[in-house]
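# Summary of the model geometry
Each chain, written out:
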Amino acid sequence: MGVLNVTPDSFSDGGEFARPADAIARGRRLQEEGAAIVDVGGESTRPGADPVPVEEELRRVMPVLEGLRGIPLSIDTSKAAVARRALELGAELVNDVTALRADPALARVVAESGAYVCLMHMLGEPRTMQAAPRYEDVVSDVAAFLEERLAFAVREGIAEERICLDPGIGFGKTPDQNLELIRRLDRLLAIGRPIVVGFSRKSTLGRVLGDPRATTGTMPASIGAAITAYERGATVLRVHDVRETYEALAVAAAVAHGKVTR
Ligand code: HH2
């Protein structure tokens, strides 16, 4: 999954693709470089980010979705109105970092469209989530949350085979908790749905490399995280640097299966 942030303030690439023409070119390139799906987002969810009004989010993402018609697209939003327009324009997956908790109308939009949905774990909300994350046991707590949200989505009429789950790396977790979620990914796989992991450029990677104040991670560190998550069973890797990650994954897949699987 290639990341396409159409925002002025995303944590690693804010403002780079704020102009529709730049964002469209970037989206096409991500697909050429090997992304199976391009995830278009118009609201940053970085720690401390403020919410964006629906009109502004639509203004950011609509021209980009229109310009990328025909490419497999996912919409990174928590808002039913944004998801509805994106699905009308051909998006196939709704990537909701609130796991259908923020907008009560979103579950029905997904159910009625027959789209795929990604349900992600987050403790608290972006403005405050890194303040003091606390868990009994981070892996069991995240697994219990995802099981509850999966059951909710199915009750709302979303077909189970359309749902994937995401531990939400960096969303209300310490660096050690982020690493533990990948180390013990088998617990999340046991839920029985495909697992999405988004470790790309996140600050934990910079901390691992020795900078206690890092707010981002490097590309090579991101690739290391993607490969580790893949080796532990993740199905979808959400990444900014598609070509480099794709090449690394092709080798890991060739070792695992004796061939390139894509
Ligand atoms: N991470 C971000 C945004 N959306 N969606 C899923 N499913 N999983 C993630 O880990 C995830 C996500 C944050 O990264 P990014 O989009 O690069 O930054 P920002 O939220 O600042 O736009």
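Residues numbered from 1 in each chain as written. Predicted model: local features only at pLDDT ≥ 70, side-chain atom pairs only at ≥ 80, totals over all residues. Heavy atoms only, no water.

The periodicity of an α-helix, 3.6 residues per turn, causes residues three or four positions apart to be oriented the same way. For helix α5 (residues 138-155), which comprises 18 residues, the first-to-last C-alpha distance of 26 Å matches the rise-based estimate of 26 Å (1.5 Å per residue) to within 8%. Where α5 is concerned, the buried positions are Val 138, Val 139, Val 142, Ala 143, Phe 145, Leu 146, Arg 149, Leu 150, Phe 152 and Ala 153. Buried residues in α5 make contact with α4 (106-113), β5 (116-120), β6 (163-166), α6 (175-183) and α7 (185-189). Directly beyond the C-terminal end of α5, a positive phi value near 100° is found at Gly 157. (Helix = DSSP H or I, 4+ residues; strand = E, 2+ residues; numbered from the N terminus. Expected span 1.5 Å × (residues − 1). Buried < 20%, exposed > 50% of the residue type's maximum accessible area, 1.4 Å probe, protein only. Contact = heavy atoms within 4.5 Å.)

This part is about the sheet that holds strand β4 (residues 93-96). Adjacent strands of a sheet form backbone hydrogen bonds with each other and so pair up, either parallel or antiparallel. Ordered in space as β1-β2-β3-β4-β5-β6, the 6 strands form an open sheet in which the pairing is parallel. Either end of the sheet is taken by a strand with one partner, and the two such strands are β1 (2-5) and β6. Averaged over neighbouring strand pairs, the angle between their axes works out to 25° when direction is ignored. Relative to strand β3 (residues 73-76), strand β2 (residues 38-41) runs parallel, the two sharing 4 bridges. Bridge pairing links Val 38 to Leu 73 in β3. Its contacts with the sheet put helix α1 (residues 20-32) on β1 and β2, and the angle it makes with β1 is roughly 175°. (Pairing = 2+ DSSP bridges. Axes fitted to C-alpha atoms, helices over the stretch in contact; angles between N-to-C directions.)

Turning our eyes to something else, we now look at the site of the ligand. Lining the immediate environment of the ligand, one finds 18 residues, of which Ser 10, Ser 44, Thr 45, Asp 166 and Lys 202 sit closest. At a separation of 3.0 Å, an oxygen atom of the ligand approaches a polar backbone atom of Phe 11. The side chain of Asp 76 places a nitrogen or oxygen atom 3.0 Å from a nitrogen atom of the ligand. Calculation on the ligand without its partners gives an accessible area of 480 Å², and the protein chains cover 99% of this total. Elements that contribute at least two residues to the shell around the ligand include exactly β1 and β5. A breakdown of the residues in the shell around the ligand according to their chemical character gives 6 nonpolar, 7 polar and 5 charged. (Near = heavy atom within 4 Å. Polar contact = N/O pair within 3.5 Å; in protein donor to acceptor, adjacent residues only side chain to side chain. Areas by Shrake-Rupley, 256 points an atom, 1.4 Å probe, with all protein chains shown as cover. Nonpolar A, V, L, I, M, F, W, Y, C, P; charged D, E, K, R; others polar.)

Scanning all chains against the criterion turns up 0 aromatic pairs. The lysine or arginine in question, Arg 149, covers the ring of Phe 152, its NZ or CZ lying 4.3 Å from the ring centre. (Phe/Tyr/Trp six-rings, centres within 6.5 Å; stacked < 30°, edge-to-face > 60°. Lys NZ or Arg CZ within 6 Å of the ring centre and 35° of its normal.)

Attention now moves to the packing of α1 against helix α2 (residues 54-67). It is at 9 Å that the axes of α1 and α2 come closest, and there the two elements cross at 45°. Classified by the angle between their axes, α1 and α2 sit oblique to one another. Crossing of α1 over α2 shows right-handed handedness. Contacts between α1 and α2 pair Pro 20, Ala 23, Ile 24 and Arg 28 from the former with Pro 63, Val 64 and Gly 67 from the latter. A class-by-class count of the residues in the contact of α1 with α2 yields 5 nonpolar, 1 polar and 1 charged. (Parallel < 35°, antiparallel > 145°, perpendicular 65-115°, else oblique. Left-handed = near helix turned anticlockwise from the far one by under 90°.)

On to a nonpolar patch on the surface. A surface patch of nonpolar side chains, about 270 Å² in accessible area, is lined by Leu 179, Val 208 and Leu 209. Relative to the assigned elements, Leu 209 resides in the loop between α8 (203-208) and α9 (219-231). (Patch = residues over 30% accessible without salt bridge, like charges linked within 9 Å, V, L, I, M, F, W, Y side chains within 5 Å. Salt bridge = Lys/Arg side-chain N within 4 Å of Asp/Glu carboxyl O.)

Formed by 69 residues in total, the largest nonpolar core has its most connected members in Leu 4, Val 40, Val 197 and Leu 237. Beyond its immediate sequence surroundings of up to four residues, Val 197 is in contact with Asp 166, Pro 167, Ile 169, Ile 182, Leu 185, Ala 229, Ala 234, Val 236, Leu 237 and Arg 238. (Core = buried A, V, L, I, M, F, W, Y, C linked by side-chain atoms within 4.5 Å.)

The buried fraction of β5 amounts to 4 of the 5 residues, a majority that puts the element mostly inside the structure. Where β4 and β5 come together, 4 bridges link them in parallel fashion. Within β5, the residue paired with Asn 95 across the bridge is Cys 118. At this point the chain moves from β4, through α4, to the parallel β5, and the crossover so formed is right-handed. For β5 and β6, the ladder comprises 4 bridges, and the chain directions are parallel. Across the sheet, Leu 119 pairs through a bridge with Leu 165, a residue of β6. Between the parallel pair β5 and β6, the chain is carried across by α5, and the sense of this crossover is right-handed. (Right-handed = clockwise from strand over helix to strand, strands pointing away.)

Tracing the backbone through its elements, the reader meets Glu 57 in helix α2. Assessed through its relative accessible area of 0%, Glu 57 is described here as buried. A polar side-chain atom of Glu 57 sits 2.6 Å from a polar atom in the side chain of Thr 77. Sequence-distant contacts of Glu 57, defined by excluding residues within four places in its chain, comprise Gly 42, Glu 43, Val 52, Asp 76, Thr 77, Lys 79 and Val 82.

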